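Read off the chains here:
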Amino acid sequence: MNDIYKLLNDLEIDIKKFEEMEVSEFDRAKVKKELLNKIHSTKQKKWKNTVKAASLAVSLFTFGIFGLSFTTNAEEIPILGNIFKYFNNDGLYIDYKENSNPINEVAESNGIKVTVNDAVYDGEKLMVTYTVETEKYLGDTLHINGIPLIENEGNGTHEIFRIDENKYVGKATTSSKEKHSTIDVDWKLDYIIPDLTKDRERIKGDWKFNFQVKKADITVQKINQDKEMDGISVNIENLTITPTSFLINYKQVVSKEIIKDWDMADVDIEVKDNFGNIYSSEFHSGSGGKYYMTWGKTFQMLDPHASILIITPKVKLSDYDGIEYNEDGSIKGRYRLLKSKADIKEFEMDEIIVEIEK
Amino acid sequence: MKSNETNFIKRLQSGKEDALEYIVDKYLPLIKGISYQVLSPFKNDGMIDECVNDIFLSVWYYAKDFNGDSAKFKNWICSIAKFKAIDYYRRAVKNVEISSDNLELSPADSIEKDLVRIENRSELMQLINQLEPIDQQIFIRKFFLGENTEEIAYSLGKTKASIDNRIYRGKKKLKVHASDFLMGGSVV
């Protein structure tokens, strides 16, 4: 397989369009120095074993490829301790950090140091965040074989991002069938595969972890209730309650007739409780296609006395809000994809009543 | 021995550091110009510097993937610069979008988002490798270099309509494969 750098060999671009920028001798020297430092650090750096993992937790780092360097607010700058922040598509990162058990165990082998930072267990799912530091540059991401096991069983996945030259953060998620109040976690990494396309050899080593995790104060309740109206159906899948918020995951299915006239169909949900409190919310995830979408929404803290949630699905049919990029990278406006003249249409479905399991 | 116009590629490919210094001397004004052109809306010099460093490091680490003479090298390093700068741009825009509204979650453009999400990962390259050479060019130009249809049509000497058509068909093809990959996530 050809990687992008190889494929770019065959691509002729209009170089005349690019303009040189004035660069001082100082700038040149600075770039060279930074580059050589990076290259050398990957060649020669020896691990400083004396650095305790705990002290890493408060050290800020510079961001490489992963684009979080553009946060404007000082308090939004993530510190290593809150790796959950990198994986905020769960919408749970803040709550999970608050409810997680710090582990801070380190295993080092074959030029690769793995630190387990935090673990959180909600009764079904175990999430473990970790940091991987390598002596050599290994590419944009890594593949790790070996999942943390809950009482010696479970299936799971890894998500890994590179955050600095030779530093990655990852989150492993394992699910177990049985519910426990405290679990014994064993994690043995069999091997690591670097993402560098030309060098996909397995790196073997001895990285083993064993630790215990208590069930966090998080409950997940299955709901599985449907509503259907005018060619759109909604399924409320589950409700997750944490000490500081609650989350609802739901699906929408859109019929062909709707797609013929509108290029976008979105279902939002509004949530009230039996005291009439209306909960403010924001989306934390969304994925799918034209016909089928899954959404995740995070709501503010649940009133502890509430026993019933009233969910109102709100449908919006509209045309396409498209984004295109101009050559200079700026964004080009919106346009309608379909020839249809159908107007924007909004309607509400009947309420879905959910009893909160206590 | 020092790097010069005739030997710098060879020296770069065999990991000689003076070759890296040579290309910084020679191409920094251009690389910085390209990064600035794409990223200036963010008014963040740190981002531009980071992008410039990233471009040179990629050239250093992937030097062996280059194949050609010094005229072709200029084309190669410029296209890497454009691709990296666009990548930084998209990541930055994505972050802005997440905080401002839910536009980026709209279903209609999800295939682009899916592709961007796996951008620069081996999965996307696997997808692109399955396309015909002409479609590979079009997709790399569109997704990696951020070129619009007119520009692509111009560079390839084709009409705008035929490019649109190829993008449409290519996307359909990729969508099938992409959903397979996305279902599997990054699991190994």
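All of these numbers come straight from a predicted model, not from anything done at the bench.

Undergrad: When you look at the packing of aromatic side chains in this model, what are you seeing that I'm missing?
TA: Scanning the model with the defined rule gives 15 aromatic pairs over all chains in all. Between Phe246 of chain A and Tyr279 of chain A, the ring centres sit 5.1 Å apart and the planes meet at 85°, which makes this aromatic pair edge-to-face. With Phe246 of chain A in strand S12 (residues 246-254) and Tyr279 of chain A in the loop between strand S13 (264-273) and strand S14 (281-288), the pair connects residues that are 33 residues apart, well separated along the chain. Each member of the pair, Phe246 of chain A as well as Tyr279 of chain A, carries the same accessibility label: buried. Taking 5.2 Å as the distance between ring centres and 85° as the angle between the ring planes, the aromatic pair formed by Phe66 of chain B and Phe73 of chain B counts as edge-to-face. Comparing Phe66 of chain B with Phe73 of chain B, the two get one shared label, buried. These aromatic residues form a ring-pair network of at least three members: Phe8, Tyr22, Tyr27, Phe66, Phe73 and Trp76 of chain B.

Undergrad: Sorry, what's going on with the sheet that holds strand S6 (residues 155-164) of chain A here?
TA: All names here are of chain A. Read from one edge of the open sheet, five strands run S1-S2-S3-S7-S6, paired in antiparallel fashion. Where the open sheet ends on each side, the last strands, each with one partner, are strand S1 (101-109) and S6. Direction aside, neighbouring strands of the sheet carry axes that sit 20° apart on average. Where S1 and strand S2 (residues 112-121) come together, seven bridges link them in antiparallel fashion. Across the sheet, the residue bridging to Ala107 is Val114, located in S2.

Undergrad: Explain unusual backbone geometry to me, please; I cannot follow it from the model alone.
TA: A negative phi angle characterises most non-glycine residues, just as the trans form characterises most peptide bonds. Unlike most non-glycine residues, Glu151 of chain A shows phi in positive territory, near 45°. Summarising the element assignment, Glu151 of chain A is placed in the loop between strand S5 (149-150) and S6. At Lys43 of chain B, a residue that is not glycine, the phi angle is positive and equals roughly 50°. By the element assignment, Lys43 of chain B lies in the loop between helix H2 (17-39) and helix H3 (45-61).

Undergrad: How should the pairing of S2 of chain A be read in this particular structure?
TA: In the case of a regular strand, side chains alternate between the two sheet surfaces. Residues and elements named next belong to chain A. Among the ten residues in S2, ten count as buried, and that is most of the element. Between the end of S1 and the start of S2, which pair antiparallel, lie two residues, with Asn110 showing a positive phi angle near 55°. When S2 meets strand S3 (residues 125-134), the two strands line up antiparallel, connected through nine bridges. Residue pairing in the sheet places Ala119 in a bridge with Val128 of S3.

Undergrad: Help me understand the nonpolar core, please; the structure alone is not making it clear to me.
TA: In a soluble, globular protein the nonpolar side chains are often hidden away together inside. Core analysis: the largest hydrophobic core is formed by 60 residues, its most contacted members being Ile23, Phe56 and Phe73 of chain B. Elements with a contribution of two residues or more to this core: helix H1 (4-7) and helix H2 (25-44) of chain A together with helix H1 (8-13), H2, H3, helix H4 (70-100), helix H6 (122-129) and helix H7 (133-144) of chain B. Per element, the largest residue contribution to this core is 13 residues, and it comes from H4 of chain B. Mapping this core onto the domain boundaries places at least three of its residues in each of domain 1 (1-95) and domain 2 (105-188) of chain B. Apart from residues no more than four positions distant in its own chain, Phe73 of chain B is found in contact with Phe8, Ile9, Leu12, Ile23, Tyr27, Val59 and Phe66 of chain B.

Conventions adopted
Residues numbered from 1 in each chain as written. Chains lettered and ligands numbered in written order. Predicted model: local features only at pLDDT ≥ 70, side-chain atom pairs only at ≥ 80, totals over all residues. Heavy atoms only, no water. Phe/Tyr/Trp six-rings, centres within 6.5 Å; stacked < 30°, edge-to-face > 60°. Helix = DSSP H or I, 4+ residues; strand = E, 2+ residues; numbered from the N terminus. Buried < 20%, exposed > 50% of the residue type's maximum accessible area, 1.4 Å probe, protein only. Pairing = 2+ DSSP bridges. Axes fitted to C-alpha atoms, helices over the stretch in contact; angles between N-to-C directions. Core = buried A, V, L, I, M, F, W, Y, C linked by side-chain atoms within 4.5 Å. Domains from an automatic or database assignment. Contact = heavy atoms within 4.5 Å.

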